[in-house]
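One-letter residues, chain by chain:
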Amino acid sequence: MRNRGVQDSCGRVRRWRVLAAAPHGIRHLTTGSVNPIRKIVIVGGGTAGWMAAASLSRFLRPDQCAIHLVESAEIGIVGVGEATVPHIRFFNQTLGIDEADFMRKTQATFKLGIEFVNWARIGDSYVHPFGDYGRAYRGVKFHDVWNRLRLAGDDTPLDEYSLPIKAAKLARFAPPSTDPQSLLAAFGYAFQFDATLFAPYLRTYSERRGVRRTEGRVVDVRLRGEDGCIESLKLASGEEIAGDLFIDCSGFFGLLTEKSLHTGYEDWTHWLPCDRAVAVPCESAGPLLPYTRATALAAGWQWRIPLQNRTGNGYVYSSRYISDDEAAATLMRNLDGAATAEPRLLRFVTGRRKKTWNRNCVAVGLAGGFVEPLESTSIYLIQAAITHLIEMFPDRNFDAVNIDEFNRVMDVEFDRVRDFIVLHYHATERDDTPLWNYVRTMPIPDSLASRIELFRERGVIVNYKLGLFYEPSWVAVYVGQRLLAKRSDPRLDDVPLSELRQHADKLRAAINAGAESLPTHADFIARHV
Ligand SMILES: Cc1cc2nc3c(=O)[nH]c(=O)nc-3n(C[C@H](O)[C@H](O)[C@H](O)COP(=O)(O)OP(=O)(O)OC[C@H]3O[C@@H](n4cnc5c(N)ncnc54)[C@H](O)[C@@H]3O)c2cc1C
């Protein structure tokens, strides 16, 4: 299948400096330093480890910098990260991965957004789409037009003005049009895939580019006396592996960053109280949906992720409000096909490492932190860490100014994802269980409180350059969670309502026709993957 450009989670084309420039410009990264990094050691062969190995092997010449990955089959991987955001396509394109080949080998489906069921009130449903709503009216964003009409009594749901939502609900899919004027161009897409197949896929890619892999368990980490940097790792076999730069992809263990360097962890459980998940795959049932579903339950929420060959399911919950047995029983009752494996329990603490980069060690993936999977952000955060590392690639001096800037940027990435996830919980009207009462009334981060206030007053969204979620994403969740603006954009005050209605009606008709013209998701996959 042909690649047709990459959109961010809002459908807009947004290129990352290094990763995007690479296929056409940068071939290899050379620091030009007199003290260059000669060897990188990666601990961990989950999604994070192999994403790091693949990207670094794409940019570094093997004769200049060796890459050595250590993983332990005995310990295994988390392997439940199945849903992504559109940025994953930047990653694949930069590596030169063929989309159809990747989809075949990871059982992937397309994803146009996430449906949230029962979040603001039981019975509610809305979709956070990967794309803009409608089209601006004389330079004023469409959601402001919708808000003006709503305040004047129009009750058409905002979802009616989104092409990806319409297509998702009809179980239809085709890549965005290449004609920028077309309504069929204003969206992005991501993938839902089998996480246990993604790491092996990237392993093949990396080993072809010279990455060395050792199967073994790290049992000791030796630190250098003079500066406390990591010098080498010792494996259970007795083998010793030395390096200049270490990447900790050891998952929740945080083997290098925490167990050896004692970096510290910022615990966000008071804002995000879910701390466990039970996951189980089941047989596919019904049409192949091009979206993930997140259904709010009594003590958390349940995911449903359709793949080509099965459906992934899980209940993310707070152990304060439900037992593991009860959570597993609830999940098994809610499956829409027969379970194909035993349920698996996972424990986590939501938060992030106090420093993603500490001394000569960068923590990537779950070793660096975890914000629960409600918006499929973990793989994005892995990608962000790798991208920023490549942009700020060090030499063996490990300049503090470089490391500080990297950590500042990663803190912003994590904090913005956190705020967005907290919004889903806090902006609820539910008072039916202790979990929902807690999150509805809990204090929230100041950064989120001020954003909510601005939106509530007049529908203003503060845009930022760094971070994952843009205007349409915030609009989707505010409106979907029934958090609505009190006033409308003053630029629309003098525009006759009839003109705005006409604009909205035309868009709605075009969006309906556009969505209905697309092939079904299942047919598209059968023909192109
Ligand atoms: C319930 C749940 C649902 C999720 N859903 C999503 C989702 O939908 N979308 C998304 O983007 N992300 C999701 N994630 C996150 C996603 O699973 C992870 O970000 C991703 O799998 C990366 O994991 P990792 O590679 O950091 O860690 P892991 O998969 O845990 O890998 C750790 C690696 O380190 C190795 N290791 C550990 N200790 C040692 C040692 N002593 N010696 C040698 N090797 C060692 C292990 O063998 C393994 O290879 C979810 C996570 C959870 C918990």
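These numbers come from a predicted model, not from an experiment. (Residues numbered from 1 in each chain as written. Predicted model: local features only at pLDDT ≥ 70, side-chain atom pairs only at ≥ 80, totals over all residues. Heavy atoms only, no water.)

Asks: Could you give an account of unusual backbone geometry, with specific residues and numbers?
Replies: Here Ala171, not a glycine, exhibits a phi torsion of approximately 55 degrees, which is positive. Structurally, the position occupied by Ala171 is in the loop between α6 (163-169) and β6 (190-192). Taking relative accessible area as the criterion, Ala171 reaches 10% and is therefore assigned buried. Its identity as a non-glycine residue notwithstanding, His262 has a phi of 50 degrees, on the positive side. As for its placement among the helices and strands, His262 is situated in the loop between β11 (245-248) and β12 (265-267). Taking the relative accessible area as the measure of exposure, His262 reaches 58% and is therefore exposed. (Helix = DSSP H or I, 4+ residues; strand = E, 2+ residues; numbered from the N terminus. Buried < 20%, exposed > 50% of the residue type's maximum accessible area, 1.4 Å probe, protein only.)

Asks: Describe the side chain of His128, with residues and values.
Replies: Counting through the fold element by element, His128 comes out in strand β5 (residues 125-129). Residue His128 is classed as buried on the basis of its relative accessible area of 0%. Within the local environment of His128, its side chain forms a polar contact with the side chain of Ser473, the two groups lying 2.9 Å apart. Leaving out residues up to four positions away in the same chain, His128 has contacts with Leu112, Gly113, Ile114, Phe116, Glu375, Phe420, Phe469, Ser473 and Ala476. (Polar contact = N/O pair within 3.5 Å; in protein donor to acceptor, adjacent residues only side chain to side chain. Contact = heavy atoms within 4.5 Å.)

Asks: Can you explain the site of the ligand? Please cite residues and give values.
Replies: Neighbouring the ligand are 33 residues; Gly45, Val78, Ala83, Val218 and Ile379 lie closest to it. Val78 is positioned such that a nitrogen or oxygen atom in its backbone is 2.8 Å from an oxygen atom of the ligand. When isolated, the ligand has an accessible area of 1,000 Å², and the protein chains bury 97% of it. Elements with a contribution of two residues or more to the shell around the ligand: α2 (47-59) and α9 (378-391). Ranked by the residues each element gives to the shell around the ligand, the list is headed by α9, at three residues. (Near = heavy atom within 4 Å. Areas by Shrake-Rupley, 256 points an atom, 1.4 Å probe, with all protein chains shown as cover.)

Asks: Account for the sheet that holds strand β14 (residues 292-297), with residues named and values stated.
Replies: In spatial order, the strands read β5-β4-β14-β15-β16-β13-β17; together these seven strands make up an open sheet with mixed pairing. In this open sheet, the two edge strands, each paired with only one partner strand, are β5 and β17 (344-347). Along the sheet, successive strands turn relative to each other by an average axial angle of 20 degrees, direction set aside. By the bridge criterion, five bridges tie β14 to strand β15 (residues 300-306) in an arrangement that is antiparallel. What sits directly across from Ala296, in β15, is Trp301. (Pairing = 2+ DSSP bridges. Axes fitted to C-alpha atoms, helices over the stretch in contact; angles between N-to-C directions.)

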